[in-house]
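Per-entry structural report
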Amino acid sequence: MKKGGTITILILIAVVFFGALYYLYAKNQESPIIFETDKSETKTITKNTIATGNIVPNEEVLIKPNISGIIEAVYIKAGQSIKAGDLIAKIKVVANVSNLSNSQNQVRSAKNELDNQEKIFQRQKTLFDKGVISTNDFEAAQLAYKQAKQNYNASRQTNDIVRTGTTTGLGNYANTLIRSTVNGMVLDVPVKVGNQVIESNNFNEGTTIASVADVGRMIFVGKVDESEVGKIKEKLPIEITVGAIENKKFEAVLTDIAPKGKTENGAIQFEIKASLTNRDDTFIRAGLSANASIILEKAENVLAIKESLIQFDAKTQKPFVEVETGYQKFERKNIVLGVSDGIYVEIKSGVKGPDKLKVWNQGLKTEDKPGDKKE
């Protein structure tokens, strides 16, 4: 029994020994791990945040009537350029029955008063010609007659305005003729011939007949999330990209940030506005969707490397890279970082332009020899 146990142990030792030899041999046959290297670049790095919104006119004027009625004619169309004073539309007045009745009664009363004052004036004139009454009495009767005549004419004009919206002598001031109040382009004409419109007054904003704006003064209106609003401030430069205009970027400046946010889809959004600067002749239609890239930081023509080349010390959390000193030999160097765009980061110190940096997370197996190593 003793002899059999000894033999078994010897066999196990032999198996383990030869197994270890085979493992070492196989391990020695594996290709060595070769780390790739990368170089720094001279780049312009921009750190930005994105806001979505629309391109709208800086000032859009809504043309409204100052009398109610029915559209009789429309003289403009969307996209047309007009000037202040140009005729936009004509309104046919639908008289208010109550107002019409009152004005007609005023005309009758004024006519009766005029007839009465005319009789008195003719009587006083006869007496004055005979020398019965004084000059003062005659002139008083004459003045009363003229005032009665003026009141009668005024009541007739009022009645005409109530019935038709205009009267003799008003010319361009007729309420039925709607004219533009500003220079610009017609953006929209929401009414058609036959539509009824309501006048603009203290109790009603009225029906919009046309919207006019200066399309040469466009602004961007968008929204940013509450997590980003603390990073931006007024007068920051912005790059505007309009979806409908390919391969074009428009420069702008942030002018307004809303002091109060609004809840939309469970998130707090803040409205921002930016005015376009140095705009070329490209025609931008009002209402087009656009994205605004708000530039938070910018470093031009600086030494930069890919963020994937950077490692961080486990204890100090300070960044460093590994610089190649010989074939597959690397030396650690601490670096100071600057502006980052998420892909590239500015290197303020620690790395020089010609340095080759270890791509530490891309170990590759290869059979290349040192002399055959590809740069």
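Everything here concerns the structure above.
Described in the following lines is the structure provided in the data block.

Parameters at a glance
Residues numbered from 1 in each chain as written. Predicted model: local features only at pLDDT ≥ 70, side-chain atom pairs only at ≥ 80, totals over all residues. Heavy atoms only, no water. Helix = DSSP H or I, 4+ residues; strand = E, 2+ residues; numbered from the N terminus. Buried < 20%, exposed > 50% of the residue type's maximum accessible area, 1.4 Å probe, protein only. Areas by Shrake-Rupley, 256 points an atom, 1.4 Å probe, with all protein chains shown as cover. Pairing = 2+ DSSP bridges. Salt bridge = Lys/Arg side-chain N within 4 Å of Asp/Glu carboxyl O. Patch = residues over 30% accessible without salt bridge, like charges linked within 9 Å, V, L, I, M, F, W, Y side chains within 5 Å.

Some remarks on the overall build of the chain
Helices and strands together make up the secondary structure of the chain, namely 4 helices and 22 strands. Looking at the chain as a whole, 30% of its 375 residues qualify as buried. Total accessible area computed for the chain in this model is approximately 24400 Å², and 50% of it derives from carbon and sulfur atoms.

Topic: the pairing of strand β16 (residues 289–306)
Bridge analysis of strand β2 (residues 41–57) against β16 gives 13 bridges, and the strand direction is antiparallel. From the neighbouring strand, Lys 43 faces β16, where its bridge partner is Val 302. The sheet contact formed by strand β12 (residues 237–242) and β16 spans 5 bridges and is antiparallel. The residue bridging Ile 240 from the neighbouring strand is Ala 292, located in β16. Here 3 bridges tie β16 to strand β21 (residues 344–349), and the two strands are oriented antiparallel to one another. Within β21, the residue paired with Ala 304 across the bridge is Glu 346.

Examining the sheet that holds strand β9 (residues 196–197)
Within the open sheet, the 4 strands sit side by side as β7-β6-β4-β9. Their pairing is antiparallel. The sheet terminates laterally at β7 (177–179) and β9, the two strands that pair on one side only. Sheet analysis places strand β4 (residues 69–74) next to β9, joined by 2 bridges and oriented antiparallel. Among the inter-strand pairings, Ile 70 is bridged to a residue of β9, identified as Gln 196.

Considering the pattern of salt bridges
The final tally for this structure, using the stated rule, is 10 salt bridges. Measuring nitrogen to oxygen at the nearest pair gives 2.8 Å for the salt bridge that ties Asp 115 to Lys 111. A residue pair is termed a helical-turn pair when its members lie 3 or 4 positions apart in one helix, as Asp 115 and Lys 111 do in helix α2 (residues 97–129) at 4 residues. As a salt-bridge pair, Glu 322 and Lys 358 come within 3.2 Å of each other at their nearest N and O atoms. Here Glu 322 is found in strand β18 (residues 319–326), whereas its partner Lys 358 is found in strand β22 (residues 356–365), with 36 residues between them in sequence. For the residue pair Glu 322 and Lys 358, the accessibility class agrees, reading buried in each case.

Observations regarding a nonpolar patch on the surface
There is a patch of nonpolar side chains on the surface, built from Ile 7, Ile 11 and Val 15 and spanning about 280 Å² of accessible area. By the element assignment, Ile 7 lies in helix α1 (residues 2–29). Of the residues examined, Ile 7 reaches a relative accessible area of 44% and is grouped as partly exposed.

Notes on unusual backbone geometry
Phi is mostly negative for residues that are not glycine, and the peptide bonds are mostly trans. One non-glycine residue, Lys 235, adopts positive backbone phi at about 75°. Along the polypeptide, Lys 235 turns up in the loop between α4 (226–229) and β12. For Lys 235, a relative accessible area of 72% translates into the label exposed. In this model, Asn 247 sits at a positive phi of 55°, which is unusual for a non-glycine residue. Within the secondary structure, Asn 247 sits in the loop between β12 and β13 (249–257).

Side note on the sheet that holds strand β10 (residues 210–213)
The strand order across the open sheet formed by 4 strands is β3-β10-β8-β5, and the pairing between neighbours is antiparallel. Strands with a single pairing partner mark the edges of an open sheet, and in this sheet they are β3 (60–63) and β5 (81–82). Across 2 bridges, β5 lies against strand β8 (residues 184–188) in antiparallel orientation. Each bridged residue has a counterpart across the sheet, and for Ser 81 the counterpart in β8 is Met 185.

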